[in-house]
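# Per-entry structural report
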Amino acid sequence: LDNLTRNNPNTIFVASFHDADILETVATDQLKAALPGGATTGYPSASINRNDLSGSRFITFSDYENMIGMCMQQSAKCGLAISSAVNGRTASITVMAGFNEAMTGDYTMNVYLVESNVMDKDGSLAQANNFNANKITSFYNMGNPITGYVHQNVVRRMITPLTGMPISASKLVPGGIATERFSIDLPLNAELGNCSIIAFVTKVTNGVADNICNVQMTPLGSVKTWD
(Lines give C-alpha, C1' and ligand atoms only; values in the text may rest on other atoms or scores of the structure.)
Protein backbone atom coordinates (compact mmCIF):
# COMPACT_ATOMS: atom_id res chain seq x y z
CA LEU A 1 0.00 0.00 0.00
CA ASP A 2 2.87 2.35 0.79
CA ASN A 3 4.33 1.83 -2.69
CA LEU A 4 0.95 2.32 -4.35
CA THR A 5 0.29 5.60 -2.53
CA ARG A 6 3.74 6.95 -3.43
CA ASN A 7 3.22 6.02 -7.08
CA ASN A 8 -0.27 7.59 -7.15
CA PRO A 9 0.01 10.85 -5.15
CA ASN A 10 -3.24 12.61 -4.27
CA THR A 11 -5.18 9.63 -5.63
CA ILE A 12 -4.82 6.77 -3.13
CA PHE A 13 -5.28 7.39 0.59
CA VAL A 14 -4.75 4.86 3.37
CA ALA A 15 -6.22 4.57 6.87
CA SER A 16 -4.46 1.85 8.88
CA PHE A 17 -6.34 0.19 11.72
CA HIS A 18 -4.01 -1.49 14.20
CA ASP A 19 -4.85 -4.74 15.94
CA ALA A 20 -3.46 -6.14 19.20
CA ASP A 21 -1.02 -3.31 19.97
CA ILE A 22 -1.15 0.00 21.82
CA LEU A 23 -2.24 1.87 18.68
CA GLU A 24 -5.44 -0.14 18.36
CA THR A 25 -8.68 1.78 18.93
CA VAL A 26 -12.17 0.42 19.56
CA ALA A 27 -12.93 1.18 15.91
CA THR A 28 -10.81 -1.78 14.73
CA ASP A 29 -13.09 -4.46 16.15
CA GLN A 30 -16.20 -2.44 15.32
CA LEU A 31 -15.25 -2.14 11.66
CA LYS A 32 -14.26 -5.82 11.37
CA ALA A 33 -17.61 -6.81 12.87
CA ALA A 34 -19.58 -4.49 10.58
CA LEU A 35 -17.97 -5.25 7.21
CA PRO A 36 -18.60 -8.64 5.56
CA GLY A 37 -15.59 -10.93 5.88
CA GLY A 38 -14.11 -9.00 8.79
CA ALA A 39 -14.68 -11.77 11.33
CA THR A 40 -12.47 -14.21 9.41
CA THR A 41 -9.93 -11.93 7.74
CA GLY A 42 -6.21 -12.45 8.28
CA TYR A 43 -3.34 -10.00 8.18
CA PRO A 44 -2.14 -8.19 6.20
CA SER A 45 -5.39 -7.30 4.49
CA ALA A 46 -7.14 -4.20 3.27
CA SER A 47 -10.58 -2.99 2.31
CA ILE A 48 -10.16 -1.19 -1.02
CA ASN A 49 -13.05 1.29 -1.39
CA ARG A 50 -14.92 -1.33 0.66
CA ASN A 51 -15.64 -3.24 -2.53
CA ASP A 52 -16.67 -6.88 -2.41
CA LEU A 53 -14.38 -9.72 -3.50
CA SER A 54 -15.72 -13.26 -3.12
CA GLY A 55 -18.18 -12.14 -0.45
CA SER A 56 -15.66 -10.19 1.65
CA ARG A 57 -14.80 -6.50 1.93
CA PHE A 58 -11.26 -7.52 2.95
CA ILE A 59 -8.67 -8.65 0.42
CA THR A 60 -5.11 -9.97 0.68
CA PHE A 61 -2.07 -7.99 -0.43
CA SER A 62 -1.73 -9.96 -3.67
CA ASP A 63 -5.04 -8.42 -4.85
CA TYR A 64 -4.36 -4.81 -3.82
CA GLU A 65 -3.01 -3.60 -7.15
CA ASN A 66 -5.77 -5.16 -9.27
CA MET A 67 -8.54 -3.86 -7.02
CA ILE A 68 -7.05 -0.36 -6.91
CA GLY A 69 -6.69 -0.38 -10.70
CA MET A 70 -10.38 -1.16 -11.12
CA CYS A 71 -11.37 1.56 -8.63
CA MET A 72 -9.24 4.17 -10.40
CA GLN A 73 -11.12 3.58 -13.65
CA GLN A 74 -14.38 4.75 -12.09
CA SER A 75 -15.55 8.38 -12.23
CA ALA A 76 -16.54 10.09 -8.99
CA LYS A 77 -19.99 11.64 -8.72
CA CYS A 78 -19.05 13.75 -5.72
CA GLY A 79 -16.18 15.78 -4.34
CA LEU A 80 -14.88 16.76 -0.90
CA ALA A 81 -13.35 19.82 0.73
CA ILE A 82 -11.75 19.86 4.19
CA SER A 83 -10.57 22.60 6.54
CA SER A 84 -9.30 22.34 10.10
CA ALA A 85 -7.68 24.50 12.78
CA VAL A 86 -5.85 23.52 15.96
CA ASN A 87 -6.02 25.31 19.30
CA GLY A 88 -3.86 23.61 21.89
CA ARG A 89 -5.01 19.98 21.89
CA THR A 90 -8.39 20.72 20.32
CA ALA A 91 -9.17 20.63 16.61
CA SER A 92 -12.08 22.29 14.79
CA ILE A 93 -12.87 20.47 11.53
CA THR A 94 -15.23 21.27 8.68
CA VAL A 95 -15.91 18.76 5.91
CA MET A 96 -18.07 19.43 2.86
CA ALA A 97 -19.31 16.89 0.33
CA GLY A 98 -20.55 18.25 -2.99
CA PHE A 99 -22.49 16.38 -5.67
CA ASN A 100 -22.40 16.87 -9.43
CA GLU A 101 -25.31 14.59 -10.31
CA ALA A 102 -28.33 13.03 -8.65
CA MET A 103 -27.54 10.04 -6.43
CA THR A 104 -30.16 7.60 -5.19
CA GLY A 105 -29.92 5.65 -1.94
CA ASP A 106 -28.53 6.35 1.51
CA TYR A 107 -25.12 8.05 1.76
CA THR A 108 -22.97 9.08 4.69
CA MET A 109 -19.92 11.24 5.37
CA ASN A 110 -17.03 9.61 7.25
CA VAL A 111 -14.11 11.41 8.90
CA TYR A 112 -10.96 9.96 10.50
CA LEU A 113 -7.91 11.43 12.22
CA VAL A 114 -4.72 9.62 11.13
CA GLU A 115 -1.06 9.98 12.12
CA SER A 116 2.06 9.06 10.12
CA ASN A 117 5.73 8.58 11.07
CA VAL A 118 4.84 6.84 14.33
CA MET A 119 8.12 5.18 15.28
CA ASP A 120 8.71 2.18 17.50
CA LYS A 121 11.17 3.58 20.06
CA ASP A 122 11.07 1.02 22.84
CA GLY A 123 9.71 -2.20 21.32
CA SER A 124 6.08 -1.49 22.22
CA LEU A 125 5.30 -0.70 18.57
CA ALA A 126 7.46 -3.36 16.95
CA GLN A 127 5.78 -4.64 13.79
CA ALA A 128 4.88 -8.30 13.33
CA ASN A 129 6.58 -9.54 10.16
CA ASN A 130 4.98 -12.33 8.15
CA PHE A 131 7.66 -11.91 5.45
CA ASN A 132 10.86 -12.32 7.43
CA ALA A 133 11.77 -15.45 5.42
CA ASN A 134 10.41 -14.17 2.09
CA LYS A 135 13.35 -13.10 -0.08
CA ILE A 136 11.25 -11.26 -2.66
CA THR A 137 9.87 -8.69 -0.20
CA SER A 138 11.47 -5.61 1.35
CA PHE A 139 10.79 -7.14 4.78
CA TYR A 140 13.13 -10.08 4.27
CA ASN A 141 15.41 -10.77 7.21
CA MET A 142 14.32 -7.66 9.12
CA GLY A 143 13.31 -9.75 12.11
CA ASN A 144 9.97 -10.75 13.54
CA PRO A 145 8.88 -8.43 15.03
CA ILE A 146 10.63 -5.51 13.32
CA THR A 147 12.01 -3.16 15.97
CA GLY A 148 12.30 0.53 15.13
CA TYR A 149 9.48 0.21 12.60
CA VAL A 150 7.84 3.45 11.40
CA HIS A 151 4.06 3.18 11.06
CA GLN A 152 2.15 5.28 8.51
CA ASN A 153 -1.47 6.47 8.28
CA VAL A 154 -2.41 5.14 11.72
CA VAL A 155 -6.08 5.74 12.56
CA ARG A 156 -5.99 7.65 15.83
CA ARG A 157 -9.67 8.43 16.01
CA MET A 158 -12.84 7.70 14.08
CA ILE A 159 -14.44 11.14 14.32
CA THR A 160 -17.81 10.18 12.85
CA PRO A 161 -19.94 7.20 13.93
CA LEU A 162 -19.09 3.78 12.47
CA THR A 163 -21.44 4.18 9.51
CA GLY A 164 -20.77 7.91 9.13
CA MET A 165 -23.02 10.97 9.31
CA PRO A 166 -26.19 10.65 7.19
CA ILE A 167 -26.35 12.95 4.16
CA SER A 168 -29.78 14.43 3.49
CA ALA A 169 -31.42 13.31 0.26
CA SER A 170 -31.97 17.00 -0.52
CA LYS A 171 -28.16 17.36 -0.90
CA LEU A 172 -27.78 14.41 -3.29
CA VAL A 173 -28.52 16.51 -6.37
CA PRO A 174 -26.38 18.47 -8.84
CA GLY A 175 -24.89 21.39 -6.90
CA GLY A 176 -25.92 19.98 -3.52
CA ILE A 177 -23.46 20.44 -0.63
CA ALA A 178 -23.53 18.61 2.71
CA THR A 179 -21.50 20.18 5.53
CA GLU A 180 -20.44 18.69 8.86
CA ARG A 181 -18.50 20.45 11.62
CA PHE A 182 -16.61 18.76 14.45
CA SER A 183 -14.67 19.80 17.53
CA ILE A 184 -12.48 17.04 18.94
CA ASP A 185 -9.86 16.53 21.63
CA LEU A 186 -6.61 15.34 20.08
CA PRO A 187 -4.76 12.30 21.49
CA LEU A 188 -2.16 13.38 24.03
CA ASN A 189 0.47 11.01 22.59
CA ALA A 190 -0.03 12.11 18.97
CA GLU A 191 2.48 14.32 17.15
CA LEU A 192 0.14 16.92 15.70
CA GLY A 193 2.51 17.85 12.89
CA ASN A 194 2.21 14.27 11.59
CA CYS A 195 -1.61 14.14 11.74
CA SER A 196 -4.07 14.42 8.86
CA ILE A 197 -7.79 14.35 8.28
CA ILE A 198 -9.27 11.75 5.90
CA ALA A 199 -12.86 12.24 4.76
CA PHE A 200 -14.89 10.02 2.45
CA VAL A 201 -18.44 9.42 1.27
CA THR A 202 -19.99 5.96 1.46
CA LYS A 203 -23.22 4.41 0.25
CA VAL A 204 -25.00 2.49 2.99
CA THR A 205 -26.50 -0.88 2.06
CA ASN A 206 -28.07 -3.28 4.59
CA GLY A 207 -26.70 -1.15 7.43
CA VAL A 208 -23.11 -1.37 6.13
CA ALA A 209 -21.24 1.79 5.09
CA ASP A 210 -19.47 0.53 1.99
CA ASN A 211 -18.96 1.48 -1.68
CA ILE A 212 -16.73 4.50 -1.06
CA CYS A 213 -17.68 7.14 -3.64
CA ASN A 214 -14.77 9.53 -3.14
CA VAL A 215 -12.09 10.34 -0.57
CA GLN A 216 -9.86 13.26 0.33
CA MET A 217 -7.02 13.83 2.78
CA THR A 218 -5.21 16.91 4.12
CA PRO A 219 -2.77 17.68 6.96
CA LEU A 220 -4.35 18.71 10.25
CA GLY A 221 -4.55 22.50 10.48
CA SER A 222 -4.80 23.07 6.72
CA VAL A 223 -7.37 23.66 3.98
CA LYS A 224 -8.04 21.27 1.10
CA THR A 225 -10.13 22.71 -1.71
CA TRP A 226 -12.63 20.74 -3.77
CA ASP A 227 -11.45 17.55 -5.44
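In this text the structure is predicted, and so the values were computed from the model without any measurement. (Residues numbered from 1 in each chain as written. Predicted model: local features only at pLDDT ≥ 70, side-chain atom pairs only at ≥ 80, totals over all residues. Heavy atoms only, no water.)

For the protein chain, the count of helices and strands is 3 helices and 13 strands. Over its C-alpha trace the protein chain gives a radius of gyration of 18 Å, about what one expects of a compact globule, namely 17 Å for 227 residues. With the principal axes as the frame, the protein chain shows a C-alpha extent of 55 × 45 × 30 Å. The buried share of the protein chain, reckoned over its 227 residues, is 41%. In the structure as shown, the protein chain presents an accessible area of about 11900 Å², 49% of it carried by carbon and sulfur atoms. Here the protein chain contributes 14 positive and 18 negative side-chain charges, whose respective centroids are spaced 4 Å apart. (Helix = DSSP H or I, 4+ residues; strand = E, 2+ residues; numbered from the N terminus. Rg over C-alpha atoms; globule rule 2.2 N^0.38 Å. Buried < 20%, exposed > 50% of the residue type's maximum accessible area, 1.4 Å probe, protein only. Areas by Shrake-Rupley, 256 points an atom, 1.4 Å probe, with all protein chains shown as cover. Lys, Arg positive; Asp, Glu negative; His and termini not counted. Charge placed at Lys NZ, Arg CZ, Asp CG, Glu CD.)

So, on to the pairing of strand β5 (residues 106-115). The buried count for β5 comes to 9 of 10 residues, which makes it a mostly enclosed element. Across 10 bridges, the pairing between β5 and strand β11 (residues 195-205) is antiparallel. Bridging across to β11, Asn110 finds its partner in Phe200. Bridge count between β5 and strand β9 (residues 165-166): 2 bridges; the pairing is antiparallel. Directly across from Met109, in β9, lies its bridge partner Met165. (Pairing = 2+ DSSP bridges.)

Let us now look at the packing of aromatic side chains. Tallied over the entire structure, the rule returns 4 aromatic pairs. Judged by centre distance (5.2 Å) and plane angle (85 degrees), the ring pair of Phe61 and Phe131 falls under edge-to-face. Note that Phe61 is positioned in the loop between β2 (59-60) and α3 (64-72) and Phe131 in the loop between β6 (118-119) and β7 (150-151), a separation of 70 residues in sequence. What makes Phe131 buried here is its relative accessible area of 16%. Ring centres of Tyr112 and Phe200 lie 5.2 Å apart, and the angle between their planes is 80 degrees; on these two criteria the pair is classed as edge-to-face. Remark: Phe200 occurs in strand β11 and Tyr112 occurs in strand β5; sequence separation between them is 88 residues. Of the aromatic side chains, those joined through ring pairs into one cluster are Phe17, Tyr112 and Phe200. (Phe/Tyr/Trp six-rings, centres within 6.5 Å; stacked < 30°, edge-to-face > 60°.)

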